[in-house]
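Remarks on the overall topology
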Amino acid sequence: MRPDAGPLPKAELHLHIEGTLEPELVFACARRNGVELPFADVEQLRRAYVFDDLQSFLDLYYLAMNVLRTAQDFTDLADAYLARAREQGVRHAEIFFDPQAHVSRGVPLEVVLDGLEASLSTSAERFGISTRLIACFLRDRGAREAMTTWEALAPHAARLHGVGLDSAEVGHPPEAFAEVFGAARDAGLHLVAHAGEEGPPDYVWQAIDVLGVERVDHGIRAVEDRALLDRLARDRTPLTVCPLSNVRLRCVPALSEHRLPELLDAGLLVTINSDDPAYFGGYVDDNFQALRRELGLGDDVLRELAANSFRASFIDEDDRARLL
Ligand code: ES4
Ligand code: ZN
């Protein structure tokens, strides 16, 4: 691509808003909310961003988000993401948030939703980005807590576009969440789930067959199962792949060894996303650039990946009118 062409227009479909919390905002929120942090300064916090696996990342992720207390904190968080996303060519974002991670430490759901919406409701006018919210259940807190979380979310269903499933994967298979996903589907919401990030291909089968998800988040371990690849290709079930995340969490040994080309060769609808960009060394276009540099992907493939992001999105008539 010509250097002056700017980033490819794209949709971001796998982005945890809490994972966009940069160290500078951690300290700003901590100061104004009187929260003590076990880090002396921004530099020391940033140096802690070295992870062995998903759990070691989640430990820091849940610790840092403890500074988010007020609606203003969530508004500032989303505004900061939108400013970065615009620079990265993002035109539409379907944004995850983790209700339980806030409610469980005493921040009411309404504070989270009101704060995020104060930013996101005007994202198109201010940043040229249409936005939607997807509420994720924390799978390591179990199916019962997911259901009580859903009961709290249900009155706000119109403010949501979908539900998802995230947090520590291994030992927490999708099938346990069949009932709560059924309830969300009955409320008219889209369904997605993290599966096949650290967990086995069987978790991806459960996500599509038991939960009925319309997209699989990560899904990279599908490469280990030929029948699963064929199924995902046949149904055009999108995968939201997050290359820099996969390397930082040691799900793949290096970007140069990422098996994304095999997913594409198998005919899957693959998209590229940033996951938790404040923690993983880059926002979404940084992921595209890294794939060019370290995996040798050419302009034609990168363009196709960007186009896939719109095909895989849940854009509705309102979004379409602005985007297409
Ligand atoms: C996550 Cl990378 C990842 N995997 C699972 N759950 C998550 N929550 C935030 N980032
Ligand atoms: Zn994720």
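Residues numbered from 1 in each chain as written. Chains lettered and ligands numbered in written order. Predicted model: local features only at pLDDT ≥ 70, side-chain atom pairs only at ≥ 80, totals over all residues.

Taken together, His 16, Gly 19, Leu 54, Tyr 61, Asp 166, Ser 167, His 194, Glu 197, Ser 245, Asp 275 and Asp 276 make up the full set of residues adjacent to ligand 1. Of the residues that constitute the shell around ligand 1, the class distribution is two nonpolar, five polar and four charged. (Near = placed C-beta within 6 Å. Nonpolar A, V, L, I, M, F, W, Y, C, P; charged D, E, K, R; others polar.)

Within the open sheet, the eight strands sit side by side as E1-E2-E3-E4-E5-E6-E7-E8. Their pairing is parallel. Two strands lie at the open edges of the sheet, namely strand E1 (10–16) and strand E8 (270–272), each paired on one side alone. Between one strand and the next, the sheet's axes are offset by a mean angle of 25 degrees, whatever the strand orientation. Strand contacts of helix H9 (residues 178–186): strand E3 (130–138), strand E4 (162–166) and strand E5 (190–195), with the helix running at about 150 degrees to E5, the strand carrying the most contacts. Contacts from helix H16 (residues 299–311) reach E1 and E8, with the element oriented near 100 degrees to E8. (Pairing = 2+ DSSP bridges. Helix = DSSP H or I, 4+ residues; strand = E, 2+ residues; numbered from the N terminus. Axes fitted to C-alpha atoms, helices over the stretch in contact; angles between N-to-C directions. Contact = placed C-beta atoms within 7 Å.)

Another point: the UniProt feature "site: Important for catalytic activity" (unreviewed entry) in the protein. When the UniProt feature table is mapped onto this chain, "site: Important for catalytic activity" (unreviewed entry) is found at His 218. Considering the arrangement of structural elements, one finds His 218 in strand E6 (residues 215–218). Look at His 218 and you get buried, because 27 C-beta atoms sit within 10 Å. Leaving out residues up to four positions away in the same chain, His 218 has contacts with His 194, Ala 195, Gly 196, Glu 197, Thr 240, Val 241 and Cys 242. (UniProt positions renumbered as here; feature names shortened; annotations may be inferred. Buried ≥ 20, exposed ≤ 12 C-beta atoms within 10 Å, placed from the backbone.)

Our focus in this paragraph is the nonpolar core. A general tendency of soluble globular proteins is for nonpolar side chains to be buried together. Membership of the largest hydrophobic core comes to 90 residues, with the highest contact counts inside it found for Ile 17, Phe 97, Leu 116, Ile 134, Val 204 and Ala 207. Ranked by the residues each element gives to this core, the list is headed by helix H4 (residues 71–87), at seven residues. Here Leu 116 is in contact with Ile 17, Phe 74, Ala 78, Phe 97 and Leu 133, once residues within four sequence places are set aside. (Core = buried A, V, L, I, M, F, W, Y, C linked by C-beta atoms within 7 Å.)

Viewed as axis vectors pointing N to C, H4 and helix H6 (residues 109–120) meet at an angle of 40 degrees, and their least axial separation amounts to 7 Å. For the element pair H4 and H6, the recorded crossing hand is right-handed. Within the contact between the two elements, H4 uses Ala 71, Gln 72, Asp 73, Phe 74, Thr 75, Ala 78, Asp 79 and Leu 82 and H6 uses Val 111, Val 112, Asp 114, Gly 115, Leu 116, Ala 118, Ser 119 and Leu 120. Here the contact of H4 with H6 is built from residues that sort into nine nonpolar, four polar and three charged. (Left-handed = near helix turned anticlockwise from the far one by under 90°.)

Contact geometry of helix H8 (residues 142–153) with H9 gives a least axis separation of 9 Å together with a crossing angle of 20 degrees. On the basis of their axis angle, the class for H8 and H9 is roughly parallel. You can see that H8 and H9 cross each other, and the crossing is left-handed. Contacts from Ala 143, Ala 146, Met 147 and Trp 150 in H8 reach Glu 179, Val 180, Ala 183 and Ala 184 in H9. Broken down by class, the residue content of the contact of H8 with H9 amounts to seven nonpolar, no polar and one charged. (Parallel < 35°, antiparallel > 145°, perpendicular 65-115°, else oblique.)

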